[in-house]
Amino acid sequence: MASRPQPFWGRMARGARVACERRAGADRREERRVEGASWAGRRSAILVAALASAAALLDLGSFHRLEQGDSLIPVLVSLQRWTPFFWDQERFGMLVPLLALPVRDPLANLLLQRALTAFAGLAALLLLARHALAGRDWPLAGLLAAGALLLLAPAPWLFEYLASQPYGLSTALALGGLAVAERAPPGSEGASPAASWTRLPWLRPAAALLLVVAAHWVNAVAGIVLLGLAVARAGAELLEGAPRAGVRERLVREVGLLGAGLAAGQVFLRLYPLLTGHRLRLAMGTLPVERWPGAWTSFFGLAWHDERRWGLALVAIAAAGVALLLTRPLRPQLAGALVRAGALLAAALGYALFAGALEWVEANAFHWRYLAPSALLVHLAAVSLLAEPLARLQRLAPAAGRAALAFVPAAALAVYGAPSLAHVRADLDAATGARTEDVLTAGCELVAGDYWSVWPTVWHAALVARERGISRSVYGITHRSNPTVPRWKGRPPESLRICRPAGEEEHAERWLRAFHLWPVRIVGRQGTVDVLVPVGEASATSGTTPAASR
């Protein structure tokens, strides 16, 4: 039996209902999109606040007890003479001292620089998690990794990483550039803030390239470890069944950006002689192939000797995570978690093998600081195995997320104590101020001696002189002094008063000769320093310092 045709008004009413339902569905999708974008923005702000509070707490805690010559030179770069690179060096770009340049108070400048580098170092872990653990609860993994880093890493390693080395800042900048370059739709999981820049399509790739190039100004080889990670993550995504076209597109984009950054880093290195008039000091080559196994053995052996407790703690964390993933409800997630952790470990091993084969690393006694990028990846791999089951347990996941936000600042508080500007000042006085009173009382303009005593004295003298309204500046005569020579060059040598720390006669003579201020005569002793003046036909010209050691 044929269906009865509907009256005209019935068909019209039905069409109206269908159209209304379609509009309602579109409105709901738009609301979800807006809510997703809004939550993504709020989530970013919350994550930044957690990391910033942790950076502020450690900056106002006992963090500064380990201040020394290397860590204080960037502050002096900002206060005495800004240069594009670390003084008498060609590969550590002085971005943070440039940002701090308007702050002329020595203490405020130091605190600002430490806050910026500490925040960047912690943010690097969160951005690594976002990059390597896409599609998972990367904020949870990143926050747990940042807090665990503060609790587990040895204090000297942590200070080097968060205060005086370029690895955290350069990694954060490069990963920020890769995030900006993503094409995820607004409000989607993992979408970058740049995804909403639809009105100016050229702005996103330009901003991404700028961040990646800035990363390679700070650290000329920042992209090496991230290239390895990009390849390892692409392999992990293919193993998990991700569409090949999307994986290939992302890999090509990231390799292109990182390749451009590495090329820029090489340009910066080769511009150094033109900008400074000094030869390139960095040993650019690799060791002979037959020496690689011995070099790797020394490199890894020294790192394990110094960081054994940290490594064992990471093994325990990873084992706890795997044990949880082996339980029946979570067992389907085990393979994916192991694949992602394996990608991080593969990238870490690749970078460690690369660094361990470099002449420069051998020349610096295979110091563990050169393994910092690999250490971050290993650390995140271990913590990610624990974060995975915490995120997958529905009853536990919300509480775990909230606890992780509090975990990072709580860890900073536990390690560095309650914030106190008075305690910060006391720690700095103890670490850097042993000779300040004598240098200022003697009226010295120069301090000559060992690198590790001169620069702390110069910084602390600047701090106390500003507090007392003394306009006289104090400069260093030691390793990395060339950039400040113009500040005192041209003055009659006999008018210069030089303080030499007691017991550093040999170091002082070496550097006074290098800067053509020898011979000298002793005109007095003021507590911990001898007071010298040049004699004869000394000329205040730039010296030639030996190869940098960093």
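Relevant structure appears above.
Residues numbered from 1 in each chain as written. Predicted model: local features only at pLDDT ≥ 70, side-chain atom pairs only at ≥ 80, totals over all residues. Heavy atoms only, no water.

**Q** Got a minute to help me understand the overall build of the protein in this structure?
**A** Scanning the protein for helices and strands turns up 20 helices and five strands. A buried classification covers 51% of the 550 residues belonging to the protein. Long-range contacts, defined as pairs at least 24 residues apart, comprise 78% of the intrachain contacts of the protein with a sequence gap of at least 6. Entry remark: accessible area of the protein is about 24,500 Å², with carbon and sulfur atoms responsible for 63%. (Helix = DSSP H or I, 4+ residues; strand = E, 2+ residues; numbered from the N terminus. Buried < 20%, exposed > 50% of the residue type's maximum accessible area, 1.4 Å probe, protein only. Contact = heavy atoms within 4.5 Å. Areas by Shrake-Rupley, 256 points an atom, 1.4 Å probe, with all protein chains shown as cover.)

**Q** I would appreciate a short explanation of the nonpolar core in the present structure.
**A** Soluble, globular proteins show a tendency: their nonpolar side chains are buried together. L149, L150, W157 and W459 are the most contacted members of the largest nonpolar core, which totals 139 residues. Top element by residues in this core is helix α4 (residues 106–132). It accounts for 13 residues. Those residues within four positions of L150 in sequence are excluded, and the remaining contacts are L58, L122, L158, L162, V408, A411, A412 and V415. Within the second largest apolar cluster, 16 residues are counted, among which are L446, V485, I498 and L517. (Core = buried A, V, L, I, M, F, W, Y, C linked by side-chain atoms within 4.5 Å.)

**Q** Would you take a moment to explain the pairing of strand β5 (residues 529–534) for this structure?
**A** Remark: a regular strand shows side chains that alternate across the two faces of the sheet. Across the six residues of β5, six count as buried, placing the element largely inside the fold. Burial along β5 is two-sided: the face carrying V529, V531 and V533 and the face carrying D530, L532 and P534 are both buried. The sheet contact formed by strand β3 (residues 498–501) and β5 spans four bridges and is antiparallel. By the bridge assignment, R500 is partnered in β5 with D530. Sheet analysis places strand β4 (residues 520–526) next to β5, joined by six bridges and oriented antiparallel. Each residue of the ladder has a partner; that of V520, found in β5, is P534. The hairpin turn running from β4 into β5, its antiparallel successor, is two residues long, and G527 in that turn takes a positive phi close to 60°. (Pairing = 2+ DSSP bridges.)

**Q** What exactly am I supposed to notice about the state of the cysteines here?
**A** Note: disulfide means a covalent bond formed between the sulfur atoms of two cysteine side chains. Tallied over the entire structure, the rule returns one disulfide. Each disulfide pairs two cysteine sulfurs, and for C444 the partner residue is C499, the sulfurs being separated by 2.1 Å. On the S-S bond that ties C444 to C499, the torsion sits near 75°, and the link is right-handed. Of this pair, C444 sits in the loop between α17 (436–442) and β1 (446–448) while C499 sits in strand β3, and the two are 55 residues apart along the sequence. Each member of the pair, C444 as well as C499, is classed as buried. (Disulfide = S-S within 2.5 Å.)

**Q** Would you mind going over the packing of aromatic side chains with me for this structure?
**A** Two measures describe an aromatic ring pair: the distance that separates the ring centres and the angle between the ring planes. Scanning the entire structure with this criterion turns up 13 aromatic pairs. Plain terms: the ring middles of W157 and Y161 are 5.2 Å apart, the flat faces sit at 25° to each other, and that makes the pair stacked. One end of the pair, W157, and the other, Y161, are both in helix α6 (residues 155–164), four residues apart, so they sit about a helical turn from each other. Each of the two residues, W157 as well as Y161, counts as buried. A network of ring pairs unites the aromatic residues F63, F159 and Y416 as a single cluster. (Phe/Tyr/Trp six-rings, centres within 6.5 Å; stacked < 30°, edge-to-face > 60°.)

**Q** Is there a simple way to think about the packing of α4 against helix α14 (residues 372–392) in this case?
**A** Axis angle and axis distance: for two packed helices, these are the angle between their axes and the distance between the axes, and together they describe the pair. In the contact formed by α4 and α14, the axes pass within 11 Å of each other and the chain directions differ by 60°. With respect to α14, the axis of α4 lies oblique. Remark: the crossing between α4 and α14 carries right-handed chirality. Residue-level contacts link L125, L128 and A129 of α4 to L376, L377, H379 and L380 of α14. The class makeup of the residues in the contact of α4 with α14 is six nonpolar, one polar and no charged. (Axes fitted to C-alpha atoms, helices over the stretch in contact; angles between N-to-C directions. Parallel < 35°, antiparallel > 145°, perpendicular 65-115°, else oblique. Left-handed = near helix turned anticlockwise from the far one by under 90°. Nonpolar A, V, L, I, M, F, W, Y, C, P; charged D, E, K, R; others polar.)

**Q** Help me out: how do you make sense of unusual backbone geometry in this one?
**A** A negative phi holds for most residues other than glycine; trans holds for most peptide bonds. For the bond from W518 to P519, the omega torsion is 10°, close enough to zero to count as cis. Note on placement: P519 falls in the loop between α20 (505–514) and β4. One non-glycine residue, F366, lies in positive phi territory at about 50°. Inspection of the secondary structure assignment puts F366 in the loop between α13 (359–363) and α14. We classify F366 as buried; its relative accessible area is 10%. Phi is positive for H516, close to 60°, though the residue is something other than glycine. Here H516 is to be found in the loop between α20 and β4.

**Q** What am I meant to see in the pattern of salt bridges here?
**A** Close approach of charged atoms allows side chains with opposite charge to pair. Taken as a whole, this structure holds 23 salt bridges when the rule is applied. Salt-bridge contacts for E249 lead to R253; the nearest nitrogen and oxygen are separated by 4.0 Å. In this pair, E249 and R253 both sit in helix α10 (residues 244–276), four residues apart, roughly one turn of the helix. Given the relative accessible area of 17%, R253 is considered buried. In this structure, R468 engages E437 in a salt bridge whose closest nitrogen and oxygen atoms are separated by 2.7 Å. With a gap of 31 residues between them, R468 in helix α18 (residues 451–468) and E437 in helix α17 connect regions that are remote in the sequence. For R468, a relative accessible area of 46% translates into the label partly exposed. (Salt bridge = Lys/Arg side-chain N within 4 Å of Asp/Glu carboxyl O.)

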